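Each chain is listed here by its residues.
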Amino acid sequence: MKIQNNCSEKIIDVYAVYWSYGETYFYGFSKGYNGLLAYKASDVKIIDPALSGDFIFFEGGIFYKPLIDEKLLDDLLEYDECAYNRFLEILKVEGRVDPDFY
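Computed from a prediction, not measured in an experiment: that's the story for all the values here.

Draft legend 1. Structural view of the nonpolar core. In this structure, F29, L36, Y64, L67, L76 and F87 are the most contacted members of the largest nonpolar core, which totals 23 residues. Elements represented by at least two residues in this core include exactly β2 (11-20), β3 (23-29), β7 (61-64), α1 (65-69), α2 (73-77) and α3 (81-93). Here the element with the most residues in this core is α3; it accounts for six residues. Setting aside residues up to four positions removed in sequence, F87 forms contacts with Y15, F29, L36, Y64, L67, L72 and L76.

Here it is as structure tokens:
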């Protein structure tokens, strides 16, 4: 899934969709940012609606499975460098980002 923030031209890859207090949110991963950012659905345009890959339902949302299996989610939300490097390694192996992504 890909989204675009209404305030930017940047395309963001989505690795989770979750619901909180009646709102839909996306966790996005984009170049130049060392973690996951939450985006409110009403503040973005959906560029590609398909969630491709291995996703699972977990605690009120649908998450990219390695985030849960490797316990990376909380650390990525807190911009942990080790978690970022591990997640990036997973994404590169799976061909989800270019090898030179950072």
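From this point, the narrative continues.
Draft legend 2. Seen up close, the environment of G32. Here G32 lies in the loop between β3 and β4 (37-40). For G32, a relative accessible area of 56% puts it in the exposed group. Between the C-alpha atoms of G32 and F101, which are 69 residues apart in sequence, the distance is 9.1 Å.

Draft legend 3. Representation of the pattern of salt bridges in the model. Inspection of every chain in the model, using the stated rule, returns six salt bridges. Linking E89 and R86 is a salt bridge whose minimum nitrogen-to-oxygen distance equals 2.7 Å. In this pair, E89 and R86 are both assigned in helix α3, three residues apart and thus about one turn of the helix distant. Judged by relative accessible area, which is 45%, E89 ranks as partly exposed.

Conventions we followed
Residues numbered from 1 in each chain as written. Predicted model: local features only at pLDDT ≥ 70, side-chain atom pairs only at ≥ 80, totals over all residues. Heavy atoms only, no water. Core = buried A, V, L, I, M, F, W, Y, C linked by side-chain atoms within 4.5 Å. Buried < 20%, exposed > 50% of the residue type's maximum accessible area, 1.4 Å probe, protein only. Helix = DSSP H or I, 4+ residues; strand = E, 2+ residues; numbered from the N terminus. Contact = heavy atoms within 4.5 Å. Salt bridge = Lys/Arg side-chain N within 4 Å of Asp/Glu carboxyl O.

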